[in-house]
Amino acid sequence: MCEFLRDGKGLLAGLPWYAIRSSRFFIADSRLVAMRSKKKLPMAGNRSLNAAMKAKQDEFYTQIDDISSELKHYREHFRGKVVFCNCDDPYESKFFAYFALNFNSLGLKKLIATCYDGSPVMGNELVLFVDPTNGEPRKVAHKIVITEVDDYNGDGAVNLADVAYLLQNDKNVLSVLEGDTSPDAHGKMYGPGDFRSQECISLLQEADIVCTNPPFSLFREYVAQLMKYEKKFLIIGGQNALKYKEIFPLLMKNQIWLGHKMGDMSFQVPDYYEVRETRYWQDENGQKWRSLGNICWYTNLDHKKRHERIDLCKHYHPDTYPNYDNFDAINIDKVADIPNDYDGLMGVPITFMDKYNPDQFEILGVLNHGCDSEFDLAKPTINGKDLYSRILIRRRR
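Residues numbered from 1 in each chain as written. Predicted model: local features only at pLDDT ≥ 70, side-chain atom pairs only at ≥ 80, totals over all residues. Heavy atoms only, no water.

**With respect to the side chain of Arg395**
You can see Arg395 is positioned in strand S19 (residues 390–395). Within the structure, Arg395 has its side chain in polar contact with the backbone oxygen of Asn340 (distance 3.3 Å). At 3.1 Å, the side chain of Arg395 forms a polar contact with the backbone oxygen of Tyr342. Ignoring anything within four residues of it in the chain, the contact list for Arg395 reads Leu312, Pro339, Asn340, Asp341, Tyr342, Asp343, Met346, Gln360 and Phe361. (Helix = DSSP H or I, 4+ residues; strand = E, 2+ residues; numbered from the N terminus. Polar contact = N/O pair within 3.5 Å; in protein donor to acceptor, adjacent residues only side chain to side chain. Contact = heavy atoms within 4.5 Å.)

Below is the structure:
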């Protein structure tokens, strides 16, 4: 059983969630030593998810303001649904915080969050596990399942302190994840909390909507899993993923699309991240930050922006819109320059995807290297000069 440790003045669950970090508020699990003393499982490719993410610097922690600004456009999708945050650290994750704090207003049925083994931010806000043998905090892969949120501590507000309190309630579950005990169909085994582990896949199958910031280096694999299990989702990824041979066909077929935000976003990063000359800073508390200018939200939840028409004010003239050297389509350098009277093929910048309306245009392919996939139709060049990648489109009549 999970139990709250008390300080000399009593239970600390009445503290607001942002104060828990300094309170040394613990949840101890007497099963921890027995469960964690088992032989460690071999990871897929002899490398844990933690090591892979650290090597590629995949740890970018989204801010709650960015999450709230995006999620407000999808609120009608969440009523009565099970939400899964499967690349998050409960309490540390602002995705978890957003859904926990808005559990009732969104009308959620259930919130599930998992933490992978060895996460660098686990326990920063709330230490969930201590080793009963020495009282030291432990970083342990775990899941939290919430089915209700109320003002249980009577402080007049519903916050994460109430969520902590609910861990004592039978309707809510805090449990340790153990990882795979046998290989999957490809002979691989994944560690505790890895989204590819059988435990996490079982939780995914239970979910209606997945919302998180997955590792950028595993983005292809992550999206493939969501599509395999036919899940609705709203996730963060890089703009370069638009051109991935595994992702572009999904966009072209309108199986996934972009959300509201595309552009600059700031993220907290772990202490081990190296200092950079640009887009890097440390705040007054020593927290490291990075900003990225090419961030997108990827989703298959419909939203109003997706159906806003682009105002087309330009007219076609062959002197203004040259053809590519090796492909029969005209080149367009800015979305605002798309002509309103041209019915042929057009190559537009990748930023077009932020304005794409499937009722106004159809996507026919990409002009990138000409060989990346069956949808990469040519390398865009004009008068022998290489251009940046283009999305190949045509106006709907």
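Now, onward.
**Considering helix H3 (residues 64–71)**
For H3, the full list of buried residues reads Ile67, Glu70 and Leu71. Buried residues along H3 cover an arc of 90 degrees about the axis, so they all sit on one side. Residues of H3 that are buried sit in contact with strand S3 (61–62), helix H4 (94–101), strand S8 (209–212), strand S9 (232–238), strand S10 (257–269) and strand S12 (288–299). (Buried < 20%, exposed > 50% of the residue type's maximum accessible area, 1.4 Å probe, protein only. Arc of directions from axis to C-beta.)

**Observations concerning the packing of H3 against H4**
The geometry of a pair of packed helices is captured by two quantities: the angle between their axes and the separation between those axes. It is the contact of H3 with H4, at a shortest axis distance of 9 Å, that shows an interaxial angle of 55 degrees. By the angle class used here, H3 and H4 are oblique. Handedness of the H3/H4 crossing: right-handed. Within the contact between the two elements, H3 uses Ile64, Ile67, Ser68 and Leu71 and H4 uses Lys94, Phe95, Ala97, Tyr98 and Phe99. Per-class residue counts for the contact of H3 with H4 are 7 nonpolar, 1 polar and 1 charged. (Axes fitted to C-alpha atoms, helices over the stretch in contact; angles between N-to-C directions. Parallel < 35°, antiparallel > 145°, perpendicular 65-115°, else oblique. Left-handed = near helix turned anticlockwise from the far one by under 90°. Nonpolar A, V, L, I, M, F, W, Y, C, P; charged D, E, K, R; others polar.)

**A look at empty space enclosed by the protein**
For the structure shown, the criterion picks out 2 cavities of 30 Å³ or more. Quantified by volume, the largest cavity comes out at close to 90 Å³. Leu251, Ile256, Trp257, Leu258, Gly259, His303, Lys305, Arg306, Met353, Asp354, Lys355 and Tyr356 together form the lining of the largest cavity. Residue contributions to the lining of the largest cavity peak at 3 residues, all from S10. A breakdown of the residues in the lining of the largest cavity according to their chemical character gives 6 nonpolar, 2 polar and 4 charged. (1 Å grid on protein atoms, 1.4 Å probe; cavity = no way out; pocket = protein on both sides within 12 Å on 5 of 7 lines; lining within 4 Å. Points joined across faces, edges and corners; volume = space filled by probe spheres on them.)

**Details of the pairing of S9**
In terms of residue burial, S9 counts as a mostly covered element, since 6 of its 7 residues are buried. Assessed by its sense of winding, the connection that carries the chain from S8 through helix H8 (residues 219–228) to S9 is right-handed. (Right-handed = clockwise from strand over helix to strand, strands pointing away.)

**Side note on the sheet that holds strand S15 (residues 361–367)**
If you trace the 5 strands from one edge of the open sheet to the other, you get S13-S14-S19-S15-S16, paired in mixed fashion. If you trace the sheet from one side to the other, it starts and ends with strand S13 (330–331) and strand S16 (376–378), each paired once. Note that strand S14 (residues 346–349) and S19 share 4 bridges and pair antiparallel. Its bridge partner being in S19, Gly347 is matched across the sheet by Leu392. (Pairing = 2+ DSSP bridges.)

**Digging into the packing of aromatic side chains**
This model, assessed by the stated rule, comprises 10 aromatic pairs. Here Phe78 and Phe99 contribute two aromatic rings whose centre-to-centre distance is 5.5 Å and whose plane-to-plane angle is 45 degrees, an arrangement assigned as tilted. Of this pair, Phe78 sits in the loop between H3 and strand S4 (82–85) while Phe99 is found in helix H4, placing the two residues 21 residues apart along the sequence. Of the two residues, Phe78 and Phe99, neither departs from the other in class, the shared state being buried. Seen from their ring centres, Tyr98 and Phe99 are 5.3 Å apart, and the 85 degrees between their planes marks the pair as edge-to-face. An identical accessibility class is assigned to Tyr98 and Phe99; each is buried. Ring pairing ties together the aromatic residues Phe78, Tyr98 and Phe99, which thus form one cluster. Lying across the ring of Phe195, Arg196 places its NZ or CZ 5.3 Å from the centre. A cation sits over an aromatic face here: Arg220 above Tyr244, 3.6 Å from the ring centre. (Phe/Tyr/Trp six-rings, centres within 6.5 Å; stacked < 30°, edge-to-face > 60°. Lys NZ or Arg CZ within 6 Å of the ring centre and 35° of its normal.)

**A few points about the pairing of strand S6 (residues 142–146)**
Of all 5 residues in S6, 4 are buried, a share of seventy percent or more. In the sheet, strand S5 (residues 110–115) pairs with S6 via 5 bridges, with the strands oriented antiparallel. Bridge pairing in S6 places Cys115 opposite His142. Across 4 bridges, the pairing between S6 and strand S7 (residues 173–176) is antiparallel. Opposite His142, over in S7, you have Val176 as the bridge partner.

**Focus: unusual backbone geometry**
Although it is not a glycine, Glu230 sits at a positive phi angle of roughly 55 degrees. In this fold, Glu230 is placed in the loop between H8 and S9. For Glu230, a relative accessible area of 73% corresponds to the exposed category. Positive phi values are uncommon outside glycine, yet Asn254 reaches one of about 60 degrees. Mapping Asn254 onto the fold places it in the loop between helix H9 (248–252) and S10. On the basis of relative accessibility, which here comes to 24%, the residue Asn254 falls in the partly exposed class.

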